[in-house]
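Each chain, written out:
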Amino acid sequence: MLKTTEGFNQVTLVLMVLTIGIKFAQIPINPTKERKKIPMKPLFGKLYDTMERTLDITKHQHSLISSNIANIDTPGYTTKEVSFKKTLKRVLGDDIQVQMIKTHSTHIGPSNNEIDYVLSDREGKKLDLDVEMAKLSQNNLRYRMAAEMLAHKFGGLKDLINKAGS
Amino acid sequence: MDFFKTFNISSSSLTVNRLQMNLISSNLANAYTTKTETGEPYRRRFMTLIPKAVEDFQSVLDSEVKDKDKELFYGVNVDEIKKDETPFRKVFNPAHPHADKNGYVSMPNVNVMIEMANMVTAKRSYEANVTALSTTKAMAMKALEIGK
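Keep in mind the model is a prediction, meaning the values are calculated, not measured. (Residues numbered from 1 in each chain as written. Chains lettered and ligands numbered in written order. Predicted model: local features only at pLDDT ≥ 70, side-chain atom pairs only at ≥ 80, totals over all residues.)

Describe the environment of V110 of chain B, listing the residues and the values that go with them.
All names here are of chain B. Position of V110 relative to the elements: it lies in the loop between β4 (104–107) and α3 (112–144). Sequence spacing of V110 and S13 is 97 residues, and the spatial spacing of their C-alpha atoms is 25 Å. Excluding anything up to four places from it in sequence, V110 contacts N27, N30, A31, R44 and E115. (Helix = DSSP H or I, 4+ residues; strand = E, 2+ residues; numbered from the N terminus. Contact = placed C-beta atoms within 7 Å.)

Talk me through the interface of chain A and chain B; I want residue IDs and the actual numbers.
Counting from both sides, the interface comprises 24 residues of chain A and, opposite them, 30 residues of chain B. A total of 10 residues in the side of chain A that touches chain B trace back to one element, the largest contributor, which is helix α5 (residues 129–165) of chain A. Here the residues of the side of chain A that touches chain B sort into 13 nonpolar, seven polar and four charged. (Nonpolar A, V, L, I, M, F, W, Y, C, P; charged D, E, K, R; others polar.)

So what's going on with the packing of helix α3 (residues 46–70) of chain A against helix α1 (residues 3–29) of chain B? Residues and values would help.
It is at 9 Å that the axes of α3 of chain A and α1 of chain B come closest, and there the two elements cross at 10°. Considering their axes alone, α3 of chain A and α1 of chain B lie roughly parallel with respect to each other. For the pair α3 of chain A and α1 of chain B, contact is made by H62, S63, S66, S67 and A70 of chain A and by K5, T6, I9, S10, S12 and S13 of chain B, respectively. For the contact of α3 of chain A with α1 of chain B, the residue count by class is two nonpolar, eight polar and one charged. (Axes fitted to C-alpha atoms, helices over the stretch in contact; angles between N-to-C directions. Parallel < 35°, antiparallel > 145°, perpendicular 65-115°, else oblique.)

Tell me what's going on with the packing of α1 of chain B against α3 of chain B, and back it up with residues and numbers.
Residues and elements named next belong to chain B. The contact between α1 and α3 brings their axes to 9 Å, and the two run at 160°. The orientation of α1 relative to α3 falls into the category roughly antiparallel. Crossing angle aside, the handedness with which α1 passes α3 is left-handed. Each residue belonging to the contact of α1 with α3 can be placed in one class, and the counts come to 14 nonpolar, 10 polar and one charged. (Left-handed = near helix turned anticlockwise from the far one by under 90°.)

Residues and numbers for the nonpolar core, please.
Judged by nonpolar contacts, the single largest core of 15 residues is most densely connected at I69 of chain A together with F73 of chain B. Of all the elements in the fold, those that place two or more residues in this core are α3 of chain A together with α1, β2 (74–83) and α3 of chain B. Considering each element in turn, this core owes the most residues, four residues, to α3 of chain A. Within the second largest apolar cluster, seven residues are counted, among which are M51, L55 and Y143 of chain A together with M139 of chain B. (Core = buried A, V, L, I, M, F, W, Y, C linked by C-beta atoms within 7 Å. Buried ≥ 20, exposed ≤ 12 C-beta atoms within 10 Å, placed from the backbone.)

Shown next, in the form of structure tokens:
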């Protein structure tokens, strides 16, 4: 008799705890939905992403401009250039990218470093050395700006970490 | 590291410009050479250029693995060095040992003015590529400063 009551009590206790647990702790039924609600500001925000992409695109652009300058005397060679603004807009605005689904724990996700470059209006035009040199300089400044900004941001974080420790 | 590809692009053009300077110097040096090994006067040399796709490890790997077109970065390369087939200049000089029976000497088809103009172009092109190269270097150095 005593044994069964104890058994009954244990089962009720477990059930009660479970019910209360589900009701009050609000264990998420769909964990993917819940993930978005975490109210934490990411350490590396949008600016890092923007600057990183800026570095990527300007580096690509620099290679193209160098190609143009190298081929300034080559007959039949036309300008190659990407549009910085449009490319950056596409890269950053693409939240609805095609996602791959992991169906196995050993799957590796797609690399996110691929940039879909948008061609500039000047693509395919006749080469002009002055324009290319101006573009080279402009592109270089843009790169330096992004690099400087990133360095500054990281420097700020580093300062914060050091000051907090002391 | 993508910058190395850019270095290769600029340096390919520097090589070509240097070769161009060699050809121009050779043409200028032989502007009055009336007899060469073949018996005829010196013929002006010039070169034709073609773009050359710059490959690095990444682009080759991408094209093999991802079935994707190679990145279109082009350096420059010499297609061929040709001899100028325009006729020689005839100068009346009967006292010259290479004069023909009518007293005319065939002079090389080198136009000094054209060569000088080409030289300036080659020099400017060289300078432009040096600027591009040093810019690449500055960018790479700047990138190294990010983590400091």
